[in-house]
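Fold and contact review
What follows is each chain in one-letter form.
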Amino acid sequence: MIHDIPKPDISPNFTIEDIHRIREWNYERTKDATPEEDYALLKKESGEGLRRMAELKTQKS
């Protein structure tokens, strides 16, 4: 089960504490997920990042 936990606040300087908060947030929301649920979430969330990278690549060309 994927828990609906709000994303942590990230500082403008993106510090090591921010990384710790992100890792803790990700663990807490996925700790009860089955491997299939975890994979589906990863696939869903990575799609937006991949789409954005492709968009930036075409803008750069």
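Before reading further, recall that the structure is shown in the block above.
Here goes a summary of the coordinates provided. Keep in mind it's a predicted model, so treat the numbers as computed, not measured.

1. Describing the overall build of the protein chain
The number of helices and strands found in the protein chain is two helices and zero strands. Compactness check: the protein chain gives a C-alpha radius of gyration of 15 Å against a globular reference of 10 Å for 61 residues, more than 25% above the reference. The dimensions of the protein chain, computed from C-alpha atoms along their principal axes, are 45 × 30 × 15 Å. The 61 residues of the protein chain split such that 10% are buried. Looking at the protein chain, you have 11 positive and 13 negative side-chain charges, and the mean spots of the two groups are 9 Å apart.

2. Looking at the packing of aromatic side chains
By the definition in use, this model includes zero aromatic pairs. Across the ring face of Trp25, the terminal group of Arg29 is positioned such that the distance to the ring centre comes to 4.1 Å.

3. With respect to the environment of Arg29
Within the secondary structure, Arg29 sits in helix α1 (residues 16-30). You can call Arg29 buried: its relative accessible area is 8%. Between the C-alpha atoms of Arg29 and His3, which are 26 residues apart in sequence, the distance is 4.5 Å. At 3.2 Å, the side chain of Arg29 forms a polar contact with the side chain of Asn26.

4. Comments concerning the pattern of salt bridges
Considering all chains together, one arrives at six salt bridges under this definition. The salt bridge involving Arg21 is made with Asp18; its shortest N-O contact spans 2.8 Å. Of the two residues, Arg21 and Asp18 both sit in helix α1, three residues apart, roughly one turn of that helix. Accessibility expressed as a relative area gives 0% for Asp18, which makes it buried. As a salt-bridge pair, Arg52 and Glu55 come within 2.4 Å of each other at their nearest N and O atoms. Remark: Glu55 and Arg52 occur in helix α2 (residues 35-60); sequence separation between them is three residues, near one turn of the helix.

What counts, and where the lines are drawn
- Every residue gets a number counted from 1 within its own chain, in the order that chain's sequence is written.
- In keeping with the predicted nature of the model, local features appear solely for residues at pLDDT of at least 70, side-chain atom pairs appear and are counted solely at 80 or more, and the whole-chain, interface and lining totals rest on all residues.
- Think of the side-chain values as coming from all heavy atoms in the structure, minus any hydrogens and water.
- In this text, helices come from DSSP runs of H or I with a minimum length of four residues, and strands from runs of E with a minimum of two, each type numbered from the N-terminal end.
- The globule rule used here is 2.2 Å times the number of residues to the 0.38 power, and the radius of gyration it is set against is calculated over C-alpha atoms.
- Burial classes follow relative accessibility: with a 1.4 Å probe on protein chains only, a residue under 20% of its type's maximum area counts as buried, one over 50% as exposed, and anything between as partly exposed.
- Charge convention: Lys and Arg are scored as positive, Asp and Glu as negative, and His as well as the terminal groups of each chain are ignored.
- Taken as the charge location is NZ of Lys, CZ of Arg, CG of Asp or CD of Glu.
- What counts as a ring pair is set by centres within 6.5 Å for rings of Phe, Tyr and Trp (its six-membered ring), and what kind of pair is set by the plane angle: stacked under 30 degrees, edge-to-face over 60, tilted for all other angles.
- Ring-over charges, as used throughout, are those where CZ of Arg or NZ of Lys falls within 6 Å of the ring centre and within 35 degrees of the ring normal.
- Whenever a nitrogen or oxygen atom comes within 3.5 Å of another N or O atom, the pair is scored as a polar contact, on the condition that within protein one atom can donate a hydrogen and the other can accept it, and that pairs from neighbouring residues in sequence are kept only if both atoms are in side chains.
- The term salt bridge refers to a pairing of a side-chain nitrogen on Lys or Arg with a carboxyl oxygen on Asp or Glu at a separation within 4 Å.

Read these as layout, nothing more, since geometry by itself doesn't imply function.
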